[in-house]
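Take a look at the letters that make up each chain.
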Amino acid sequence: MEAATELDEATLRGQADVWKYMFGFADSMALKSAVELRIPDIIHSHGHALPLSEIASSIDSSSPGPDIACLSRIMRLLVRRKIFTAHHDGEDSGETLYGLTPSSRWLLRDAELTLAPMLLMENDATLMAPWHCFSQCVKQGGSCAFEKAHDRNIWQFFSENPEFNRLFNDGMACTAKITMKAILSGYKGGFDDAATLVDVGGGTGSAVAEIVKAHPSVKGINFDLPHVVSTAPEYHGVSHVGGDMFAEGSIPNADAIFMKWIMHDWSDNDCAKILKNCRKAIPERSGKVIIVDIILESNGAGMFDDAGLVFDLLMIAHTSGGKERTESEWKKILEQAGFPRYKIIKIPSLLSIIEAYPV
């Protein structure tokens, strides 16, 4: 009888889990609405927890007045998810006061470190549409989910839609700041032995500029496609070079090469091509390639391990052949490209650092 009861409980738990995952998107949409309404910013600007009436009165709205009942229901879920706190004010009114948590502080629009632009980008309907194409990707293969949803790859789409391109750039910029802070604090002495450093796929150069600022003895070179570096601002100690990382001899020579969140966009074969070109651009005895990317831990219990698996699916949604990789998959690519030795360095981030050596 006891076994039957346990089975019933397990079966009910299974049902509850399916309901939860079925509507997993509700968490994202509630979170998106909170950012669009600037609720974290409203609470933060007052410096203390607020009742719904005060939050609602601070929402920028062209309508006659915000729907407080609707807002209350959204906040109730976000409190349960620990995005906000809720407690009674202790006065006769008995109003519920809503405050910030460590999670919602990452959603402040004007904070130096914020994930708000990334959240708005990833939950935009355009980038959500490819997720509906996963079963097609399994059955048909070929083009990535984004192409199946939009009949063009993501880069073509950006070139045709400047407003969405701005949304994408804002999302990338906010994550770059967070990642660079983690690199500069966690990668102790990593740049000390490099007189010259090339950031391959460095965009407009903000990352290598941060490295040079923290390590003034390093000469920084920002390397990306010509049309990208043509719009790059000037940074002290940084030069911009246009080229193609897939073209042999295109990557400038340097003591070390830096690649942040580049390799996961490409297939194993493409990564090997990029790394082989990197190997030719660094000294064989003393050179190194510094890769900053996710290292998957399929059964890991680390703080970011779950997010890593989600990012791997994100690569199916948005790239043509890109993927997140386990350590053994990284090892295979590195050996294929002529890097027999490597070292993994953990930093306080979703990403890790892989130092790869040509000998």
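The structure we're discussing is the one just above.
Residues numbered from 1 in each chain as written. Predicted model: local features only at pLDDT ≥ 70, side-chain atom pairs only at ≥ 80, totals over all residues. Heavy atoms only, no water.

1. Points about the overall build of the chain
Then, in step 1: What the chain contains, in helices and strands, is 16 helices and twelve strands.
Then, in step 2: With respect to the three principal axes, the spread of C-alpha positions in the chain is 75 × 60 × 40 Å.
Then, in step 3: Scored against the burial criterion, the 359 residues of the chain give a buried share of 43%.
Then, in step 4: In the chain, once contacts between residues fewer than 6 apart in sequence are set aside, the share between residues at least 24 apart is 61%.
Then, in step 5: Surface exposure of the chain reaches about 19100 Å², of which carbon and sulfur atoms provide 54%.
Then, in step 6: In the chain, which carries 34 positive and 47 negative side-chain charges, the distance between the mean positions of the two groups comes to 5 Å. (Helix = DSSP H or I, 4+ residues; strand = E, 2+ residues; numbered from the N terminus. Buried < 20%, exposed > 50% of the residue type's maximum accessible area, 1.4 Å probe, protein only. Contact = heavy atoms within 4.5 Å. Areas by Shrake-Rupley, 256 points an atom, 1.4 Å probe, with all protein chains shown as cover. Lys, Arg positive; Asp, Glu negative; His and termini not counted. Charge placed at Lys NZ, Arg CZ, Asp CG, Glu CD.)

2. A closer look at helix H11 (residues 162-186)
Then, in step 1: Its 25 residues give H11 an end-to-end C-alpha distance of 36 Å, which sits within 8% of 36 Å, the value for a rise of 1.5 Å per residue.
Then, in step 2: Those residues of H11 not exposed but buried are Phe-164, Leu-167, Phe-168, Gly-171, Cys-174, Thr-175, Ala-176, Thr-179, Met-180, Ala-182 and Ile-183. (Expected span 1.5 Å × (residues − 1).)

3. Observations regarding helix H12 (residues 206-214)
Then, in step 1: Residues Ala-207, Val-208, Ala-209, Ile-211 and Val-212 constitute the buried set of H12.
Then, in step 2: Of the surrounding elements, those touching the buried residues of H12 are H11, strand E4 (196-200), strand E5 (219-224), strand E6 (238-242) and strand E7 (256-260).

4. Overview of the pairing of E4
Looking down a regular strand, the side chains alternate between one sheet face and the other.
Then, in step 1: Taken across its five residues, E4 has five buried, putting it largely inside the fold.
Then, in step 2: Of the two faces of E4, both are covered, the one formed by Thr-196, Val-198 and Val-200 as well as the one formed by Leu-197 and Asp-199.
Then, in step 3: Two elements, E4 and E5, share five bridges in a ladder whose sense is parallel. Residue pairing across strands places Val-200 opposite Phe-223, the latter belonging to E5.
Then, in step 4: Tracing the backbone out of E4, into H12 and back to the parallel element E5 gives a crossover that is right-handed. (Pairing = 2+ DSSP bridges. Right-handed = clockwise from strand over helix to strand, strands pointing away.)

5. Section: the packing of helix H2 (residues 25-36) against helix H5 (residues 68-80)
Then, in step 1: Running from N to C, H2 and H5 point in directions that differ by 115°, and their axes come no closer than 10 Å. H2 and H5 meet at a crossing whose hand is left-handed. Here Ala-26, Asp-27, Ala-30, Leu-31, Ser-33 and Ala-34 of H2 lie close against H5, whose contacting residues are Ile-74, Leu-77 and Leu-78.
Then, in step 2: Tallied by class, residues from the contact of H2 with H5 come to seven nonpolar, one polar and one charged. (Axes fitted to C-alpha atoms, helices over the stretch in contact; angles between N-to-C directions. Left-handed = near helix turned anticlockwise from the far one by under 90°. Nonpolar A, V, L, I, M, F, W, Y, C, P; charged D, E, K, R; others polar.)

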